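A structural walkthrough
Okay, here's what each chain looks like letter by letter:
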Amino acid sequence: MVNWANFLSQMFNGLVLGALLALISSGLTIIYGTLGVLNLAHGAMFMLGGYAGYVAFSYTGSFPLAVVVGTLFVMLVGVLMERGIIRYFYNRPAEDQILVTFGLGIVFVEAVRFFFGSLSKSVPPPPGLVGITNLGFMVYPTYRLALFGIVAVALLVLYLVLYRTKLGMIVRAGIEDPVMVGSLGINVYRVFMLVFGIGAAAAGFAGIVNAPVVSLAPDVGEPILVQTFVVVVIGGVGSFPGAVLGGLIAGEIISITSMFNPGYAYVMLFVAMTLVLVLRPYGLLGSASRE
Amino acid sequence: MLRHHPFLVELLTLVGLVLAPFVLGWIGASPDTVNRVLVWGLFGIGFDILFGFTGLLSFGQSAFFGTGGFFAAYILTRLGFPSVVLALVLGMVVAAVVGYLIGLIALRRTGIYFAMITVAIAEVFYFVEFNPLAEWTGGENGLPGVPTPHFHLGSLDLDFSTGWSLYQFFAVCYFIGIVVALRIVRSPVGAIFRAIRENPLRASAVGHNIHGYKLTAFVVAAAYAGFAGGMLGVLQAFMPPDAFTFGTSGQLVMQAAIGGTGTLFGPLLGAAVWLFLQDFLQSSTGLGAAWKLVLGIIFVVLVCGLRRGLIGGLDDLWGLLTGCKAKRAAAAAQAAAAPPAAAVPVATTPAAVAATPRAPAPQEPAGIILEASGLSKRYGGIVANSDIDFSVRQGELRGIIGPNGAGKSTFFKMLTCEVKPSSGKIVFDGRDITGMAVADVCQLGLTKSYQINQLFNRLTVRENLTIAALAALRGRFRLDLFRSLKRIPGLTEQVDHTLELVNLTQRPDTPVAELAYGEKRRLEVGLALATRPSLLLLDEPLAGMSPTERAETVQLLKSIGQGRTLVVIDHDMDSLFELAGQVTVLQEGKVLVEGTPEQIKSNTLVQDAYLGGVHGTLAHA
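Computed from a predicted structure; not experimentally measured.

About the criteria used
- Per chain, the residues get numbers from 1 upward, laid out in the order the sequence is written.
- Labels are handed out in written order, letters beginning with A for the chains and numbers beginning with 1 for the ligands.
- Owing to the predicted nature of the model, reporting of local features is limited to residues with pLDDT of at least 70; listing and counting of side-chain atom pairs is limited to 80 or more, with chain, interface and lining totals taken over all residues.
- In DSSP terms, a helix is any run of H or I states spanning at least four residues, a strand is any run of E spanning at least two, and both are numbered starting from the N terminus.
- Each radius of gyration is computed over the set of C-alpha atoms, and the globule rule expresses the reference value as 2.2 Å times the number of residues to the power 0.38.
- Residues are scored as being in contact if the C-beta atoms we place from backbone atoms lie within 7 Å.
- To estimate the expected span of a helix, subtract one from its residue number and multiply by 1.5 Å.
- Exposure is read from a count of other C-beta atoms within 10 Å of each residue's own; the residue is exposed at 12 or fewer, buried at 20 or more and partly exposed in between. C-beta atoms are placed from the backbone.
- Only buried Ala, Val, Leu, Ile, Met, Phe, Trp, Tyr and Cys residues enter a nonpolar core, and they are joined through C-beta atoms within 7 Å.
- Lines fitted to C-alpha atoms define the axes here, with helix axes fitted over just the stretch in contact, and angles between the N-to-C directions of these axes take values from 0 to 180 degrees.
- For classification, angles of less than 35 degrees are called roughly parallel, those exceeding 145 degrees roughly antiparallel, those between 65 and 115 degrees roughly perpendicular, and all remaining angles oblique.
- A clockwise turn of the near helix away from the far one marks a right-handed crossing, whereas an anticlockwise turn of less than a right angle marks a left-handed crossing.
- Classes in brief: Ala, Val, Leu, Ile, Met, Phe, Trp, Tyr, Cys and Pro nonpolar; Asp, Glu, Lys and Arg charged; the others, Gly included, polar.
- By this definition, two strands are paired if DSSP reports at least two bridges between them.

A few words now on the overall build of chain A. Scanning chain A from terminus to terminus reveals 11 helices and 2 strands. Against the globule reference of 19 Å for 291 residues, chain A gives a C-alpha radius of gyration of 19 Å, in line with a compact fold. In terms of overall dimensions, chain A has C-alpha extents of about 60 × 50 × 35 Å along its principal axes. For chain A, the share of sequence-separated contacts (at least 6 apart) that also reach a separation of at least 24 residues comes to 77%.

The next thing to look at is helix α10 (residues 210–236) of chain B. All names here are of chain B. Taking 1.5 Å as the rise per residue, α10 with 27 residues should run 39 Å; its terminal C-alpha atoms sit 39 Å apart, in good agreement. Across the 27 residues that make up α10, a large majority, 22, are buried. Looking at the residues trailing α10, positive phi occurs at Ala237, about 55°.

Residue and element names in this part refer to chain B. Counting residues in hydrophobic clusters, the biggest one holds 284 residues, and the most contacted among them are Leu42, Ile49 and Ala120. For this core, the element with the highest residue contribution is α10, accounting for 16 residues. When near neighbours in sequence (up to four residues on either side) are disregarded, Ile49 contacts Thr54, Ala181, Ile184, Val185, Phe193, Ala217, Val220 and Ala221.

Quick look at the packing of helix α9 (residues 221–235) of chain A against helix α11 (residues 265–279) of chain A now. All names here are of chain A. The contact between α9 and α11 brings their axes to 9 Å, and the two run at 30°. The pairing of α9 with α11 is recorded here as roughly parallel in orientation. Of the two elements, α9 crosses α11, and the hand of that crossing is left-handed. Between α9 and α11, the contacting residues are Val230, Val233 and Ile234 on the first element and Leu269, Ala272, Met273, Val276 and Leu277 on the second. Here the contact of α9 with α11 is built from residues that sort into 8 nonpolar, no polar and no charged.

Next up on the list: the sheet that holds strand β9 (residues 431–432) of chain B. Residue and element names in this part refer to chain B. Pairing within the open sheet is antiparallel, and its 4 strands lie in the order β6-β5-β8-β9. Lying at the two open borders of the sheet, with one neighbouring strand each, are β6 (382–393) and β9. Sheet topology places strand β8 (residues 423–428) next to β9; 2 bridges connect them, and they run antiparallel. Its bridge partner being in β9, Phe428 is matched across the sheet by Arg431. Here helix α17 (residues 408–415) sits on the sheet in contact with β5 (368–379), β6 and β8, set at roughly 60° to β6.

Without other data, these values stay purely geometric and don't point to any function.
Here's what the structure looks like:
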């Protein structure tokens with residue numbers, strides 16, 4: 001029943017999904033780590049990226065432009081959301097923050113449903129990346145192959161922003177000790193806005209580059225949000241390496257279980273999450289002080 | 001205002017439920033929508049106990065709603081189970097059992113982690129229903145043909161099939177649900193739920209096993225969800241698979257937030273607003289699919305603007321109209337301004353004071369009550385405490401001083417087992433308590449008052465002390481879900497007595513948030529006292545007080561010290577030297593010296609520690 005080619009290709013599917021989840025989860029985790037806000041609209045951000053890219057694509061026909069527009073649009077939405085609403089919630093209980101981002105997520109999803117309908121939309125892959133590629137040991141859809149490269153580059157860019165720029169240094173310091181960073185004379189509010197924008201953009205980018213693989217629908221972000229939560233619980237809140245590791249683990253679990261029976265993919269994901277919670281309650285690469 | 005009559009709320013609910021069909025029927029509401037409101041309202045009662053009272057925001061209630069619903073529907077449709085009511089009850093039991101198991105996992109973490117885990121769990125249930133269990137649940141088709149309840153009572157044949165007749169059955173279910181829930185929130189367990197919501201750290205520190213109580217709230221919520229799920233199947237004559245979706249959990253959360261949490265009735269109001277608005281937007285305005293967008297926007301606006309939902313908003317409005325709030329605020333201001341002349345009387349009742357402590361010293365008076373040996377605490381490379389040997393005799397009043405960063409608070413945290421020592425041993429009352437849980441240590445009779453107030457902020461002074469006293473009277477965990485607080489022997493006396501001790505008798509019904517700082521400080525000590533400790537640690541009880549308040553508090557501590565063993569940390573040396581019989585000086589995590597106040601005052605080591613060898617420099621100058 002299980003042959004090697006099938007297994008390898010599922011492994012690779014898991015890698016692609018894992019990289020995608022890693023990128024989306026990084027966005028969620030740096031927002032939480034820096035601002036202390038769990039963004040339940042993060043799945044909607046993923047969806048918005050796809051739709052914004054879809055609109056750009058249907059006017060211009062250019063996939064790269066669609067990616068740029070999708071990413072920038074979601075970044076803008078993130079910044080506006082932070083300036084317009086989220087910042088008034090920094091001093092309110094975590095539950096209120098969760099409720100308001102949850103509500104905003106619903107508003108985004110329903111607004112898209114209102115304007116685009118419930119029927120799914122599709123964005124074709126760019127011309128050079130259509131069809132399949134023979135890798136020698138297996139044949140694999142070319143765009144998925146490229147997708148892995150694209151997401152890996154995006155993760156690298158995010159890594160460079162976090163670990164090689166001044167903003168990244170402030171963000172990482174803020175995750176460890178927000179009070180200290182605030183007292184160093186840094187304008188944390190501008191940083192908060194940027195972080196929210198970048199975190200949202202990561203989800204938006206993932207949404208548009210994934211659009212040629214899975215067709216777009218208004219509620220496409222919902223399972224992504226759930227999987228992202230599992231990734232963050234496994235990897236540890238506020239940890240970029242944790243998000244990457246957790247993403248890859250979750251991606252592989254989903255893909256490999258799906259090979260046997262897709263119905264159990266979530267069950268296995270849940271088992272993995274429970275194991276981590278029992279053995280390492282703060283996540284594989286998390287720490288108690290970050291919460 | 002609703003406290004005058006013990007069963008007023010129940011009575012009003014009953015009247016409301018009886019009148020609803022007439023009023024709502026008259027304005028043309030569809031009975032189907034009204035029944036739906038009752039299902040969501042009952043579902044929401046459990047959620048409110050979990051979120052509104054205990055402070056645990058779960059996005060996974062659909063798991064239990066679906067479990068209870070599908071279990072009831074399955075035994076009714078596939079196994080031909082004869083009784084609808086019993087099937088609903090069984091569905092509730094199954095949901096509660098599942099809730100218990102899931103709670104064990106989800107409650108390993110709190111806050112956002114808890115929210116994320118519950119989301120993930122609910123999603124698992126959805127997929128399990130769809131795929132591995134499809135044979136039993138009908139997969140995406142659900143289970144059609146769920147019957148409605150009918151009873152044969154002698155010659156009487158009662159059939160609750162559709163519309164307003166089904167309403168009668170649902171109304172009875174809802175009424176029982178609300179009566180049970182009211183009992184729960186008025187029980188000691190309900191009081192502890194609120195304490196966990198307000199300050200889990202302190203709830204645990206006064207001696208409650210908060211994990212057990214959280215799990216209780218989780219199971220109660222799951223039981224309500226399971227029963228309501230069964231009702232949904234009965235209402236639709238069909239158990240829909242979308243009961244298991246994240247959307248169901250989300251709708252519940254939104255309805256509760258719209259109506260307002262912490263009152264049990266919020267979810268019902270929220271469901272009414274939600275479902276009637278949905279009907280109205282869909283049918284009358286031709287908005288069609290956009291109804292959810294409108295409701296989403298309303299929800300966001302409400303969360304931004306009305307923190308306590310519609311019920312909270314109405315309450316505030318009522319307060320504004322009647323001037324009730326203003327009167328209360330004025331009374332508070334007056335009481336705060338009035339000189340607390342009653343600070344002294346506490347010292348006049350030494351006999352009563354001496355009678356309180358839990359362990360009335362079975363040993364000889366000079367016995368050792370606490371002994372710490374070789375106690376060290378390292379945080380990475382930083383050594384907070386190293387090799388501290390410390391012992392306290394029964395009945396002693398010990399002072400601890402030391403410069404900032406000497407490790408005094410860390411030392412206290414280790415003694416109460418809030419922080420696990422890196423090495424060393426703590427023996428309290430002849431028992432090795434090293435590594436025990438804070439709640440257990442408190443149950444043994446050792447607790448502390450905090451340097452930074454750890455109170456239950458939205459509760460009144462009396463409620464605060466009640467929570468602490470309950471730990472002493474009921475132990476760390478007890479499931480007296482249906483017992484009235486009034487029925488607990490000795491509770492009122494102990495709370496009143498503590499009120500007297502800390503001189504807050506004039507303000508028992510004031511919410512903590514409205515107290516003056518000095519009063520909060522006294523309540524902080526009161527919380528520790530109400531647990532009837534035999535050894536009480538006080539971490540800077542005088543911090544931030546004015547000179548007058550200090551003098552009063554010193555008197556207060558003196559009176560508390562009679563018949564108790566006290567260890568006090570403070571920076572106010574004059575006050576401490578006046579209070580303490582023996583003083584221990586800590587410096588850089590070590591015991592520098594120990595002795596009577598006179599010995600300490602004249603000790604050159606101590607002078608060096610505090611003045612940093614200034615007299616040397618002064619000599620040069």
